[in-house]
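# Coordinate inspection notes
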Amino acid sequence: MVVGESGLGKSTLINSLFLGDLYKNRKITDVQDRIEKTTTIEKKTMEIEERGVKLRLTIVDTPGFGDAINCEDSWRVCSAYIDEQFRQYFTDESGLNRRHMQDNRVHCCLYFVPPWAHSIRQVDLEMMKRLHRKVNIVVVIAKADSLTSSEIKRLKTRILADLEEHQIQVYQFPECDSDEDEEFKQQDRELKAAAPFAVVAADTVLEVGGKRVRGRQYPWGIVDVENPRHSDFTKLRTMLISTHMQDLKDVTQDVHYENFRAQCISQISQHAMRERGKLKRDSMGNNNEVVFTDTDRLLLQKDEEIRRMQDMLTQMQEKLKASDKKHDSIIDV
Ligand code: GDP
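Residues numbered from 1 in each chain as written. Predicted model: local features only at pLDDT ≥ 70, side-chain atom pairs only at ≥ 80, totals over all residues. Heavy atoms only, no water.

Moving on: the overall build of the protein. When helices and strands are counted, the protein shows ten helices and nine strands. Burial analysis of the protein (333 residues in total) assigns 45% to the buried set. Pairs at least 24 apart in sequence give 68% of the contacts found in the protein among residues at least 6 apart. Summed over its atoms, the accessible surface of the protein is roughly 19,100 Å², and 48% of this surface lies on carbon and sulfur atoms. (Helix = DSSP H or I, 4+ residues; strand = E, 2+ residues; numbered from the N terminus. Buried < 20%, exposed > 50% of the residue type's maximum accessible area, 1.4 Å probe, protein only. Contact = heavy atoms within 4.5 Å. Areas by Shrake-Rupley, 256 points an atom, 1.4 Å probe, with all protein chains shown as cover.)

Quick look at the structure:
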């Protein structure tokens, strides 16, 4: 999912990241539309190939964020979209035909912050607060070519400090396995040091020294988006579709989805409890026999499921606490 106000280069970045042109038919909204409009979700699917493996990638764009005066609507739409995908998965998982389940859960949210802000703006903080317990947020500084190297450094430091101060849990990179080779460990260290990623995007291909590169042509030179000295674009790409794709999916399943599932089951259980109260009174009124209705059976099943889940969550919390202090506070049951 990509989130951020219009014009920050979200579509250009997505096209550059996945070497496609997802947004060629896009219509730019006029001012009147922007004032009235709430965020609308745009979903596009593309197939990419990474090291011989075909991946089906779904991009969820939230084009109007920040344009409409009432931001509350924008927040609600993004949050509701994520919940809806969890709900669908929960329903499919409880159904009989699990073999053909489609996983449309949002595994990562690229959150774009503007380069001209001095840190994270209030509007972005509010949005992140609503999303951080539902999805893996990866913060991206847009249009980094408009900042000098020292400005980028300063902005990154302020963003990290703000996230900590407001207790926003963005995606935490896991520890690198000690068995990995030195080259991989070095790559991992550089990746962690680069977050939040300062990126430059371009949808034009230019020729530089006989090589074709994706870049932005300025009167004084060319910004090559894949050059690590110019931007963190390549690090972000590697992380998303290679080194951390599985971990993003695992954290979605083990932390965010389990949170959602636990809430759902607790609601079902409370509802069933209320229903059972009613049915007990009715049956006692008849002939004092305890009648096991379908609701009772469902309740017993759900009670059992909650008990199992609670055990599982306790184990997970202990495991997470031991391996990564930062993850344990995300689990909020
Ligand atoms: P969106 O509304 O967030 O999807 O933004 P777009 O991708 O449509 O980009 C808006 C404008 O910003 C376009 O003119 C892009 O060429 C330009 N743009 C995109 N990425 C960058 C970047 O990294 N640096 C600069 N300077 N401009 C960019």
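What follows is about the packing of helix α1 (residues 10-17) against helix α7 (residues 233-243). Relative orientation of the contacting elements α1 and α7 amounts to 65 degrees, with a least axis distance of 11 Å. Here α7 runs roughly perpendicular to α1, going by the angle between their axes. Seen from above, α1 lies across α7 with right-handed handedness. Between α1, through Leu13, Ser16 and Leu17, and α7, the contact on the second element is made entirely by Phe233, Leu236, Arg237 and Leu240. Looking at the contact of α1 with α7 residue by residue, the classes come out as five nonpolar, one polar and one charged. (Axes fitted to C-alpha atoms, helices over the stretch in contact; angles between N-to-C directions. Parallel < 35°, antiparallel > 145°, perpendicular 65-115°, else oblique. Left-handed = near helix turned anticlockwise from the far one by under 90°. Nonpolar A, V, L, I, M, F, W, Y, C, P; charged D, E, K, R; others polar.)

A separate point is unusual backbone geometry. With an omega of -5 degrees, the peptide bond running from alanine 195 to proline 196 counts as cis. Inspection of the secondary structure puts proline 196 in the loop between α6 (182-194) and β6 (197-198). In this model, lysine 143 sits at a positive phi of 45 degrees, which is unusual for a non-glycine residue. Looking at the secondary structure, you find lysine 143 in the loop between β5 (137-141) and α5 (149-165). Judged by relative accessible area, which is 36%, lysine 143 ranks as partly exposed.

Ordered in space as β7-β8-β9, the three strands form an open sheet in which the pairing is antiparallel. Each edge of the sheet is formed by a strand with only one pairing partner; in this case those strands are β7 (205-208) and β9 (221-224). Ignoring which end each strand starts from, the neighbouring axes of this sheet average 65 degrees apart. Here β7 runs beside strand β8 (residues 211-218); their pairing, made up of four bridges, is antiparallel. Across the sheet, valine 208 pairs through a bridge with lysine 211, a residue of β8. (Pairing = 2+ DSSP bridges.)

All right, on to a negative patch on the surface then. Taken together, the side chains of Asp177, Asp179, Glu180, Asp181 and Glu183 present a region of like negative charge at the surface. Following the sequence through the fold, aspartate 181 ends up in the loop between α5 and α6. Residue classification places aspartate 181 among the partly exposed residues on the basis of a relative accessible area of 46%. (Patch = residues over 30% accessible without salt bridge, like charges linked within 9 Å, V, L, I, M, F, W, Y side chains within 5 Å. Salt bridge = Lys/Arg side-chain N within 4 Å of Asp/Glu carboxyl O. Lys, Arg positive; Asp, Glu negative; His and termini not counted. Charge placed at Lys NZ, Arg CZ, Asp CG, Glu CD.)

Looking now at the packing of aromatic side chains. Two aromatic rings, taken as a pair, are described by how far apart their centres are and by the angle between their planes. What the rule picks out here adds up to six aromatic pairs. An angle of 85 degrees between the planes, with centres 6.3 Å apart, marks the rings of phenylalanine 173 and phenylalanine 197 as edge-to-face. Of this pair, phenylalanine 173 sits in the loop between α5 and α6 while phenylalanine 197 sits in strand β6, placing them 24 residues apart in sequence. There is no split in this pair, since phenylalanine 173 and phenylalanine 197 are both buried. Measuring from ring centre to ring centre gives 5.0 Å for tyrosine 218 and tryptophan 220, while their planes differ by 5 degrees; the resulting arrangement is stacked. Its relative accessible area of 23% is what places tyrosine 218 among the partly exposed residues. Residue classification places tryptophan 220 among the exposed positions, given a relative accessible area of 70%. The ring of tyrosine 89 carries arginine 105 above its face, with NZ or CZ at 3.7 Å from the centroid. Note that arginine 105 overlies the ring of tyrosine 257, its terminal NZ or CZ placed 4.9 Å from the centroid. (Phe/Tyr/Trp six-rings, centres within 6.5 Å; stacked < 30°, edge-to-face > 60°. Lys NZ or Arg CZ within 6 Å of the ring centre and 35° of its normal.)

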